[in-house]
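Working through the structure, step by step
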Amino acid sequence: MSDWEVVIGMEVHVQPTTKSKMFCGCGIAPLNAPPNTYTCEVCLGMPGVLPVINKAAVEACLKTALALNCEIPRHTKFDRKNYMYPDLPKGYQISQYDLPMSINGFLEVGGHKVRIRRVHLEEDTGKLIHAGDKLHKAWESYVDLNRAGVPLMEIVSEPDLRSADEARDYAMELRTLLRTVGASEADMEKGQLRAEPNISIRRRGAIEFGVKTELKNINSFRALHRAILYEVNRQQQVLESGDAVVQETRGWSEQEERTFPQRSKEFAEDYRYFPEPDLPPLELDRAWIEELRRGLPDLPSVRRARLLNDLPAGQVAVIAADRELADLYESAVAKGAPTVATANWIVNEVAPTGKLPSPENLAELMKLLQGGAITRDSGREVYLESVETGRTPAEIVAEHGYRQVSDESELRVIAEAVIDANPKAAADYRAGKKQAMQALMADLRKRVPHANPKVANELLLKLLA
Ligand SMILES: [Zn+2]
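Residues numbered from 1 in each chain as written. Predicted model: local features only at pLDDT ≥ 70, side-chain atom pairs only at ≥ 80, totals over all residues. Heavy atoms only, no water.

Let's talk about the overall build of the chain
Going by this rule: The helix count covers DSSP runs of H or I at least four residues long, the strand count covers runs of E at least two residues long, and both are numbered beginning at the N terminus. Each radius of gyration reported is based on C-alpha atoms, and the globular scaling rule is 2.2 Å times the count of residues to the power 0.38. For each residue, the accessible area found with a 1.4 Å probe, counting protein chains only, is set against the maximum for its type, and the residue is called buried under 20%, exposed over 50%, and partly exposed in between. Surface accessibility follows the Shrake-Rupley procedure with a 1.4 Å probe radius. Residue values consider only the protein chains on display as shielding. Note that His is not counted, nor are the chain ends; the positive residues are Lys and Arg, and the negative ones are Asp and Glu. One atom stands in for each charge, and that atom is NZ of Lys, CZ of Arg, CG of Asp or CD of Glu.
Per the secondary structure count, the chain includes 15 helices and 15 strands. Taken against the 2.2 N^0.38 rule, which gives 23 Å for 465 residues, the C-alpha radius of gyration of the chain at 30 Å runs more than 25% over that of a compact globule. A total of 465 residues make up the chain; the buried ones form 46% of that total. A total of about 23,500 Å² of accessible surface is found on the chain, and carbon and sulfur atoms cover 52% of it. Within the chain, one finds 60 positive and 68 negative side-chain charges whose respective centroids are separated by 2 Å.

This is the structure:
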């Protein structure tokens, strides 16, 4: 790729956390809901009905926009985007065209700023289910309108991303940010965050952009990364063979690991946008916006910078990517837990299991470990039991007799017995086979499960010398 520069812009559709749809009182259907059970006259597009704007969706959009450093214009409005498709019973989608809810922001990713063009609100469409009968050449399609009218935020970046890695990192950072401000759960598996990268390449040093293609509805970070790599490679081959890239929308096939053409790109004029006559333009209350701004929690970039004062970058990357882990870490440390050891525990024990202890219990556990009262193995059992039962680590240690045996005179008797019982291993060790120590330590642990491994090891070494 050395001759070519990759240029990627990203549209990300995010479902904000709301109880109801964008313009009606219907609830948000869970994934397994029977088709068409979360619908009403408004989202079915019956004649004569009127939409009403969902304030919670507006609030989620504004919080996202503020966290992305966007300007919030005084006036905003909704527009009709007209097109005919069976998953869209009204014949138009309510979206925002020339006066979006926010503009001109940025998100910092890996130390550089990705400009955000706009964050606006719109509604989702329904879903078509195609059931074919090849034998009789009969084709049937069904429509499920549970998703029709579900709120969506569209976050549009400028073409500031320069590789598949950057595009993936951008999407991941966006997910962390959305969860941090509480705007969306942003769960890609549930379709709450869908990425649509537009991709072009140009000769290094060229000023004009190449012709771009847009990949639709990518629903995992892995797919996003692979789809971009594939598409960049495909465009390079097209251009190097003297052909031209066609501006079009393409899909990504997970099975075949390739992109494929879907339809040639529409242009804005095809949609005949016009202001939605059934909704009033919005004049956003400045005091409300300032209140939302003040209410924003620490953003991931701020938290990351703060954590870097105490912790190595590898630990910070894991902890700062998840608000719950970061909250847990900072609360436990505030309660006297040691910084690096606690971060280690969160990265190695809490993050993989997803089992969150209370900050109090984690701090207590870390102090027990740090003071040598229990071994790391015992610590793991105490942690799991504490998370399950909510009881304090100190109670569990006392009850199970987990307290570590560090007393030298007590352990010396055991170490002598171990050497007597394993004459071959002892002889091997003395003859220079260092790995024979493992058998001796294993026998010692069998006799005293909570022996302090460091003290026990030193005693065996002393006795074998
Ligand atoms: Zn409805």
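What to know about the sheet that holds strand β5 (residues 102–109)
Let me state the cut-off plainly: In this scheme, strands are said to pair when DSSP sees at least two bridges between them. Here an axis means a line fitted to C-alpha atoms, over the contact stretch when the element is a helix, while the angle between two N-to-C directions is reported on a 0 to 180 degree scale.
Read from one edge to the other, the open sheet built from 8 strands follows the order β5-β6-β9-β1-β10-β11-β12-β13, with strand pairing classed as mixed. Each edge of the open sheet carries a strand with a single partner, namely β5 and β13 (258–264). When the angles between neighbouring strand axes are averaged without regard to direction, this sheet yields 30°. Two elements, strand β12 (residues 248–253) and β13, share 6 bridges in a ladder whose sense is antiparallel. Following the sheet pairing, Thr249 is matched in β13 by Arg263.

Brief notes about the domain arrangement of the chain
Test applied: In this document the domain limits rely on a domain assignment from an automatic tool or a database.
Domains assigned within the chain are domain 1 (4–287), domain 2 (298–400) and domain 3 (408–464). A separation of 32 Å is found between the C-alpha centroids of domain 2 and domain 3.

Here we look at the coordination of the zinc ion
Keep this limit in mind: Donor criterion used throughout: N, O or S atom within 2.8 Å of the metal, extended to 3.2 Å for Na, K and Ca. Water excluded; incomplete-looking sites may result. Only four donors with every angle between 85 and 135 degrees are called tetrahedral; only four or six donors with opposite donors over 155 degrees apart and all others between 65 and 115 are called square planar or octahedral, in that order; all others are irregular.
Within the protein, the atoms that donate to the zinc ion are Cys24 (SG), Cys26 (SG), Cys40 (SG) and Cys43 (SG), at distances of 2.3 to 2.4 Å. For the zinc ion, the 4 donor atoms are set out with angles of 101 to 114° between them, so the coordination reads as tetrahedral. Each donor residue of the zinc ion belongs to the same chain, with the gaps between them written as C-x1-C-x13-C-x2-C. Side by side, Cys40 and Cys43 carry an identical accessibility label, which is buried.

Some thoughts on the packing of helix α8 (residues 339–353) against helix α10 (residues 376–389)
Threshold: Angle categories are assigned with fixed cut-offs, so that under 35 degrees is roughly parallel, over 145 is roughly antiparallel, 65 to 115 is roughly perpendicular, and the rest are oblique. Put simply, a crossing is left-handed when the front helix is turned counterclockwise from the back one by less than a right angle, and right-handed when it is turned clockwise. Any two residues whose heavy atoms approach within 4.5 Å are treated as being in contact. Three categories are distinguished: nonpolar for Ala, Val, Leu, Ile, Met, Phe, Trp, Tyr, Cys and Pro, charged for Asp, Glu, Lys and Arg, and polar for the others, with Gly belonging to the last.
The interhelical angle for the contact between α8 and α10, taken along N-to-C directions, is 40°, at an axis separation of 12 Å. If you check the angle between α8 and α10, you find them oblique. Like other packed secondary-structure pairs, α8 and α10 cross with a definite hand, here right-handed. Contact residues: Trp345, Asn348, Glu349, Val350 and Thr353 in α8; Arg376, Gly379, Arg380 and Tyr383 in α10. Tallied by class, the residues present in the contact of α8 with α10 amount to 3 nonpolar, 3 polar and 3 charged.

Points about the packing of aromatic side chains
Convention followed: For Phe, Tyr and Trp, where Trp contributes only its six-membered ring, two rings pair if their centres lie within 6.5 Å, and the inter-plane angle classes them as stacked under 30 degrees, edge-to-face over 60, or tilted in between. The criterion for a charge sitting over a ring is simple: Lys NZ or Arg CZ within 6 Å of the ring centre, and within 35 degrees of the ring normal.
Considering all chains together, one arrives at 6 aromatic pairs under this definition. Measuring from ring centre to ring centre gives 4.0 Å for Tyr97 and Tyr273, while their planes differ by 5°; the resulting arrangement is stacked. In this pair, Tyr97 sits in the loop between β4 (92–95) and β5 while Tyr273 sits in the loop between β13 and β14 (274–275), placing the two residues 176 residues apart along the sequence. The structure contains a cluster of three or more aromatic residues connected by ring pairs, namely Tyr83, Tyr97, Tyr271 and Tyr273. For Arg80, the ring lying beneath its charged end belongs to Tyr92, and the centroid distance is 3.9 Å. Stacked on the ring of Phe106, the Lys or Arg Lys113 has its end atom at 4.3 Å from the ring centre.

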